[in-house]
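# A structural walkthrough
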Amino acid sequence: CLVTVDGQSAPEARPDLHCSLDTVGPAADLLLWAGAFVSSSLGLDLHLADLESALSQDPVALRVTSQYRGFRPIVALDLFETLCLSILGQQVSVTAAAAYQRLFTDAFAEREPILGSDFSLFPLATKIAALGEGDLSFLPIPRGRRTAIIAAARLMAERPHLRTEL
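Values in this document were obtained by computation on a predicted structure and should not be read as measured data. (Residues numbered from 1 in each chain as written. Predicted model: local features only at pLDDT ≥ 70, side-chain atom pairs only at ≥ 80, totals over all residues. Heavy atoms only, no water.)

## Some points on the side chain of Arg145
Among the structural elements, Arg145 can be located in helix H7 (residues 143-158). We note that Arg145 is buried and unpaired, the nearest opposite charge coming from Glu133 at a distance of 12 Å. In this structure Arg145 touches Ile87, Gln90 and Gln91, once residues within four positions along its chain are discounted. (Helix = DSSP H or I, 4+ residues; strand = E, 2+ residues; numbered from the N terminus. Buried < 20%, exposed > 50% of the residue type's maximum accessible area, 1.4 Å probe, protein only. Lys, Arg positive; Asp, Glu negative; His and termini not counted. Salt bridge = Lys/Arg side-chain N within 4 Å of Asp/Glu carboxyl O. Contact = heavy atoms within 4.5 Å.)

## Quick look at the side chain of Arg146
With respect to the helices and strands, the residue Arg146 is situated in helix H7. At a separation of 2.7 Å, a polar atom in the side chain of Arg146 contacts the side chain of Glu133. Here Ile141 takes part through its backbone oxygen, which lies 2.6 Å from a polar atom of the side chain of Arg146. In contact with Arg146, not counting residues within four places along its chain, are Glu133, Leu136, Ser137, Leu139 and Ile141. (Polar contact = N/O pair within 3.5 Å; in protein donor to acceptor, adjacent residues only side chain to side chain.)

## Digging into the environment of Lys127
The topology assignment puts Lys127 in helix H6 (residues 125-129). The partly exposed category is assigned to Lys127, whose relative accessible area is 34%. Residues Lys127 and Ala157 lie 30 residues apart in sequence; the distance between their C-alpha atoms is 8.7 Å. Those residues in contact with Lys127 that sit more than four places away from it in its chain are Phe108, Ala109 and Glu110. Engagement of the side chain of Lys127 in a polar contact is seen with the side chain of Glu110, the distance being 3.5 Å.

Quick look at the structure:
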């Protein structure tokens, strides 16, 4: 991925960021998706004027956006994955949280062959929404957290555009 920054010399000008990929060949669809994913994750698709207007209501955020013109926050990659990682990582060490994430992902991952290698993608909310609390009993976390993961999955399955709505 090539991320470029185009700016004007005037200090009040906002830099313009672009993500572009060479989308030729057998993996063109995957590369288009990857470009959109990177653009979304880096906040390249945010409307800066709207973001700056919203952040101007907070004195700390206003100081940051005034100092760093064109500020874009790093956006959560996937709302369901973010919720799950937050739940799995509650009140445990980083090592334990990573182990729980690996257990969860290995059990329910979507496997995707990409350019000759298999990659495990984080489980889909729709797949986890169909589970019962007992299906997550292999995870060494309290029952309430297993229930919370399934509740988050069901919410995301019912409202797939929730991240956009928020």
